[in-house]
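The primary structure of each chain is shown beneath.
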Amino acid sequence: EAVATAEAVAVETAAETEKHANRLARVLDLRAVSLIEDGVHAEAAPLLSEALELCPGLRPLWLHRALARTGLELYEDALADLAQCVEMDSSDADVHFLRAKLSLLAGNLEGARRATDQALSLRADHPEGRELRKTMSECADVYNDEATKLILLGSPADAVANLTHAMSLRPNDPHLFMRRGA
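Residues numbered from 1 in each chain as written. Predicted model: local features only at pLDDT ≥ 70, side-chain atom pairs only at ≥ 80, totals over all residues. Heavy atoms only, no water.

Trainee: Explain the overall build of the protein residue by residue, including any values.
Mentor: The number of helices and strands found in the protein is nine helices and zero strands. Starting at the N terminus and walking to the C terminus, you meet the elements of the protein as α-α-α-α-α-α-α-α-α. Relative to its length of 182 residues, the protein is extended, with a C-alpha radius of gyration of 23 Å against a globular reference of 16 Å. Once the C-alpha set of the protein is aligned to its principal axes, its extents read approximately 85 × 35 × 30 Å. Going through the 182 residues of the protein one by one, you find that 36% of them count as buried. Long-range contacts, defined as pairs at least 24 residues apart, comprise 47% of the intrachain contacts of the protein with a sequence gap of at least 6. Of the roughly 10,600 Å² of accessible surface on the protein, 56% is carried by carbon and sulfur atoms. Mean positive and mean negative side-chain charge positions of the protein (19 and 30 charges, respectively) differ by 7 Å. (Helix = DSSP H or I, 4+ residues; strand = E, 2+ residues; numbered from the N terminus. Rg over C-alpha atoms; globule rule 2.2 N^0.38 Å. Buried < 20%, exposed > 50% of the residue type's maximum accessible area, 1.4 Å probe, protein only. Contact = heavy atoms within 4.5 Å. Areas by Shrake-Rupley, 256 points an atom, 1.4 Å probe, with all protein chains shown as cover. Lys, Arg positive; Asp, Glu negative; His and termini not counted. Charge placed at Lys NZ, Arg CZ, Asp CG, Glu CD.)

Quick look at the structure:
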């Protein structure tokens, strides 16, 4: 009976501790969001890291830390936080759109295209996603045009690199594959 009582007390204590940790994490999150809105990303990020140590299962904490890290131009770290968001719930088109923008900033054209495609598959009318897809297609055209100029200037290796970038942005364009020779 003493063991059962001790176990019950331990379970109750653990539940109380988790409840307090959850409350503290939410308070830290509120403060961090306020700091992000004020542009003080350097102070917000550590608060969100502390909140995540307390409650790693709260998806908004990962999103908010991604926003703070974006403000600090830590794009790879922000993308890692967004990957956690997607792992917890992949149905948010805005998170995928943010992943697309950060992928572009990090120089990952293919990652940006995939994230844009995912955002638009979830919400076909996503205005920023549609605009980004259009812009990426226009960039593929620029890479393609530049490849032509590079070939005429005698730089075939640079032309192939440009065509590879264009293919990352528009992978279903057979003309690009044919031009590159892939």
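Trainee: Explain the layout of surface pockets residue by residue, including any values.
Mentor: Roughly 150 Å³ of internal volume is contained in the largest pocket. Considering the residues around the largest pocket, the lining is formed by Arg113, Asp117, Arg133, Met136, Ser137, Leu169, Arg170, Pro171 and Asn172. Considering every element that reaches the lining of the largest pocket, the biggest residue donor is helix α7 (residues 127-152), with three residues. When grouped by side-chain class, the residues that make up the lining of the largest pocket number three nonpolar, two polar and four charged. (1 Å grid on protein atoms, 1.4 Å probe; cavity = no way out; pocket = protein on both sides within 12 Å on 5 of 7 lines; lining within 4 Å. Points joined across faces, edges and corners; volume = space filled by probe spheres on them. Nonpolar A, V, L, I, M, F, W, Y, C, P; charged D, E, K, R; others polar.)

Trainee: I'd like a description of the side chain of Asp81, backed by residues and values.
Mentor: Mapping Asp81 onto the fold places it in helix α4 (residues 75-88). A distance of 2.8 Å separates polar atoms of two side chains, one belonging to Asp81 and the other to Arg65. Apart from the residues lying within four places of it in its own chain, the contact partners of Asp81 are Trp62, Arg65, Ala66 and Arg69. (Polar contact = N/O pair within 3.5 Å; in protein donor to acceptor, adjacent residues only side chain to side chain.)

Trainee: Lay out the environment of Arg23 in plain terms, naming residues and giving numbers.
Mentor: Counting through the fold element by element, Arg23 comes out in helix α1 (residues 2-37). In the structure, Arg23 is positioned 28 residues away from Ala51 in sequence and 9.6 Å away in space, judged by C-alpha atoms.

Trainee: Can you explain the packing of α7 against helix α8 (residues 156-169)? Please cite residues and give values.
Mentor: Look at α7 against α8: their axes get within 8 Å of each other, and the N-to-C directions meet at 165°. One finds that α7 runs roughly antiparallel with respect to α8. The two elements α7 and α8 meet at a crossing, and its hand is left-handed. Listed contacts from α8 to Met136, Cys139, Ala140, Tyr143, Asn144, Glu146, Ala147, Leu150 and Ile151 of α7 are Pro156, Asp158, Ala159, Asn162, Leu163, His165, Ala166 and Leu169. Its residues assigned to classes, the contact of α7 with α8 shows 12 nonpolar, three polar and two charged. (Axes fitted to C-alpha atoms, helices over the stretch in contact; angles between N-to-C directions. Parallel < 35°, antiparallel > 145°, perpendicular 65-115°, else oblique. Left-handed = near helix turned anticlockwise from the far one by under 90°.)

Trainee: Give me the pattern of salt bridges: which residues, what numbers.
Mentor: Applying the stated criterion across every chain, the model contains 13 salt bridges. Here Arg123 makes a salt bridge to Asp94, at a shortest N to O gap of 3.8 Å. Of this pair, Arg123 sits in the loop between α6 (109-122) and α7 while Asp94 sits in helix α5 (residues 93-105), and the two are 29 residues apart along the sequence. Taking relative accessible area as the criterion, Arg123 reaches 32% and is therefore assigned partly exposed. Take Asp94: its relative accessible area is 42%, and that puts it in the partly exposed class. (Salt bridge = Lys/Arg side-chain N within 4 Å of Asp/Glu carboxyl O.)

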